[in-house]
Amino acid sequence: MPQELLKAADAWPLVVCILICTLGFMKKCLLLYLFLLAYSFTYGQGLDIYVVTQGDPDILCLNDGLGNLQCDTLSDSGALALSVLAADFDGDGRDDILRTVFGRPSELCSGIDGGLDCNLISTDASVTYGATAFDADSDGDLDLALAIGFGPNLLCINTEADTFACAPFDDDNSTTLDAVSFDANGDGHEDVIYANRGNGGVTQANVVCLSDGAGLLSCTPFADDTTRSFTVAAGDFNTDGITDVVFGNGDEQLNRVCFGRGDGSFVCRLIDTSLRDTRGVAVADFDQDGIDDIVFANSSLQVNRICFSNGDSTFLCQDLAPNLTLNSTGTGAHDIDADGDQDIIFTNFNRTPLLGLNDGEGNFTFENLGTFAGTLNDVAFFRLDRTTSTHTIHSPSGIQLFPNPTKNRVYILNKQDRRAPQQAEIYNMLGQLCQRQYLDGGTIQLGGLAAGAYLVRIMANDGSIIGINRILRVDH
């Protein structure tokens, strides 16, 4: 079933081109086909969906490219899975699935369409509640920071054999439930923010762990009172170009947003006095005003909420689907129906997932995603069996663009070619040159580009091409 749907999704650019060619526009057929094929990889397919469950088989939903989802269970996946993360860990250009599982080591899975092929990433059987992927040692592949309950958090370095070497990097024995990674201090290395719930009656502040780019993390607690956190996400909520974080808190603690200073420190404040017992947070520009907004998935019979950012460190918050009391466990945002705006999915306790399609202004129409029950813990978006990953794009020459999608800049990772990247040209999907720039330290600055898909050509100092027609998506 999944493979037939996959083939149908890939065939539509060719069908459109054959129709146009039969009308007599032969000279434009090849150009049109290449454009539609690139468009379909970036927008037209939408993204597939993976949902992990608590003891039941996981759920895989394949997207026909227009938001019509065909969902089924994966019979060989039953376990108490707590979270899921999609990224390209083995460098083949296809997304892999990381499942954190209660009471046993986390699993890295591939080959989803033919059944899960999973391997343990460590021998540590600690309770792993969450994870984030980032390049900790600057070697061009994705490593992992694991959020561990009842023990030290783990840093797992991705080796050349596509296995992981995991070791604790702090002595914190609190219950850490989630993590997010981004460059918090502007040194070009992604850092890690951990959300800590605490242990028993003891509270534990959330921490920021700064990376040296060589596999070492140095952690300090947030100065403000950020405790009892269940989840964390990142975005720019005050339009200053510096990444901020938002913590979803439990145990009757109000949620907080912490505005980044750009030096690894943050200033925190309450975001909404009605928000507590949050289990999931999703960040995206839901009303398309150019500013990141926040969706909160709440438990304890609270209605889920959306907070629209005003761009000045304030928010306008309102209920989402107030007639639905979901008892949600998680949420995620992506453009499911390929119409250019961000949709949302809620995973829920003892209820089917809920899909909310956005009208482009932050208003959502909700529908059930299948007929599945049980406790659904987390959701990830990915492309099944595509040569284009949702997290990192690889070219045959070894050139990688990371992160992808991105907002302000993208880093060039050159794993195989000895020629140093010196110049980049960025084209829109019509083949028009948008930017040409000389590179500073392997970084492409994306200021002035509108949100959308672009083709990137990377050249060496002598003008020879290192990477050509790498598809890059810019989100704002």
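The structure reproduced in this document is the subject of the present report. Keep in mind it's a predicted model, so treat the numbers as computed, not measured.

Some points on the overall build of the chain
The helix and strand inventory of the chain stands at 2 helices and 36 strands. A buried classification covers 58% of the 476 residues belonging to the chain. The long-range fraction of contacts in the chain, counting pairs at least 24 apart against all pairs at least 6 apart in sequence, stands at 47%. Taken as a whole, the chain presents about 19000 Å² of accessible surface, with 51% of it coming from carbon and sulfur.

Quick word on the state of the cysteines
Per the stated rule, a full pass over the model turns up 5 disulfides. In this model C61 forms its disulfide with C71; the gap between the sulfur atoms is 2.1 Å. On the S-S bond that ties C61 to C71, the torsion sits near 110°, and the link is right-handed. Here C71 lies in strand β3 (residues 69–73) and C61 lies in strand β2 (residues 59–63), a separation of 10 residues in the sequence. Put simply, C307 and C317 are joined by a disulfide, and their sulfur atoms are 2.1 Å apart. Torsion about the S-S bond of the C307 and C317 cystine: about 110°, corresponding to right-handed handedness. Here the residue C307 occupies a position in strand β22 (residues 305–309), and C317 occupies one in strand β23 (residues 315–319), the gap between them amounting to 10 residues. Under the relative-accessibility criterion, C307 is labelled buried at 0%. Of the residues examined, C317 reaches a relative accessible area of 18% and is grouped as buried.

Comments concerning the sheet that holds strand β28 (residues 376–382)
Strand order in this open sheet of 4 strands is β3-β2-β1-β28, and the pairing throughout is antiparallel. Here the strands that pair on one side only, and so sit at the sheet edges, are β3 and β28. Ignoring which end each strand starts from, the neighbouring axes of this sheet average 20° apart. By the bridge criterion, 3 bridges tie strand β1 (residues 48–53) to β2 in an arrangement that is antiparallel. Note that in β2 the partner of I49 across the bridge is C61.

Considering the pairing of β28
Where burial is concerned, most of β28 is hidden: 7 out of the 7 residues are buried. Relative to β28, β1 runs antiparallel, the two sharing 6 bridges. In the strand pairing of β28, I49 is matched with F381.

A closer look at the environment of D378
Following the sequence through the fold, D378 ends up in strand β28. Relative accessible area serves as the criterion here: at 16%, D378 is assigned to the buried category. Ignoring anything within four residues of it in the chain, the contact list for D378 reads Y50, V51, V52, L82, S83, V84 and T347. At a separation of 3.0 Å, a polar atom in the side chain of D378 contacts the main-chain amide nitrogen of V84.

Things to note about the sheet that holds strand β13 (residues 191–196)
Strand order in the open sheet formed by 4 strands is β12-β13-β14-β15, and the pairing between neighbours is antiparallel. Looking at strand neighbours, the two that pair on one side only are β12 (176–182) and β15 (217–221), the edges of this open sheet. The mean inter-strand angle of the sheet, taken between neighbouring strand axes irrespective of direction, is 20°. Sheet analysis places β12 next to β13, joined by 6 bridges and oriented antiparallel. In the sheet register, V180 faces β13, and the bridge partner there is I193.

As for the pattern of salt bridges
One pass over the full model with this rule turns up 7 salt bridges. Measuring nitrogen to oxygen at the nearest pair gives 2.5 Å for the salt bridge that ties E107 to R99. For the pair E107 and R99, a shared accessibility class is recorded, and that class is buried. D292 is the partner of K407 in a salt bridge, and the nearest nitrogen-oxygen pair spans 2.4 Å. Remark: D292 occurs in the loop between β20 (278–284) and β21 (293–298) and K407 occurs in the loop between β30 (399–402) and β31 (409–414); sequence separation between them is 115 residues. By relative accessible area, K407 is classed as partly exposed at 31%. Through salt bridges with shared partners, a single network forms among D58, R99 and E107.

Concerning the packing of aromatic side chains
For any pair of aromatic rings, the description rests on two quantities: the centre-to-centre distance and the angle between the ring planes. Counting across every chain of the model gives 8 aromatic pairs. Plain terms: the ring middles of F346 and F366 are 6.3 Å apart, the flat faces sit at 25° to each other, and that makes the pair stacked. Placement of the pair is F346 in strand β25 (residues 343–348) and F366 in strand β27 (residues 364–368), with a sequence separation of 20 residues. Judged by relative accessible area, which is 1%, F346 ranks as buried. Through a chain of ring-to-ring contacts, the aromatic side chains of F286, F346, F364 and F366 assemble into a single cluster. Sitting over the face of the ring of F230, R279 holds its NZ or CZ atom 3.8 Å from the ring centroid.

Considerations on the nonpolar core
Of all hydrophobic cores here, the largest spans 17 residues; its most connected members are F89, L98, I121, L144 and L146. Where this core is concerned, the elements lending two or more residues are β4 (81–87), β8 (127–134), β9 (143–149) and β10 (154–158). At 3 residues, the largest contribution of residues to this core is made by β9. Leaving out residues up to four positions away in the same chain, L146 has contacts with S106, I121, T128, G130, A131, N153, L154, C156 and Y194.

What counts, and at which threshold
Residues numbered from 1 in each chain as written. Predicted model: local features only at pLDDT ≥ 70, side-chain atom pairs only at ≥ 80, totals over all residues. Heavy atoms only, no water. Helix = DSSP H or I, 4+ residues; strand = E, 2+ residues; numbered from the N terminus. Buried < 20%, exposed > 50% of the residue type's maximum accessible area, 1.4 Å probe, protein only. Contact = heavy atoms within 4.5 Å. Areas by Shrake-Rupley, 256 points an atom, 1.4 Å probe, with all protein chains shown as cover. Disulfide = S-S within 2.5 Å. Pairing = 2+ DSSP bridges. Axes fitted to C-alpha atoms, helices over the stretch in contact; angles between N-to-C directions. Polar contact = N/O pair within 3.5 Å; in protein donor to acceptor, adjacent residues only side chain to side chain. Salt bridge = Lys/Arg side-chain N within 4 Å of Asp/Glu carboxyl O. Phe/Tyr/Trp six-rings, centres within 6.5 Å; stacked < 30°, edge-to-face > 60°. Lys NZ or Arg CZ within 6 Å of the ring centre and 35° of its normal. Core = buried A, V, L, I, M, F, W, Y, C linked by side-chain atoms within 4.5 Å.

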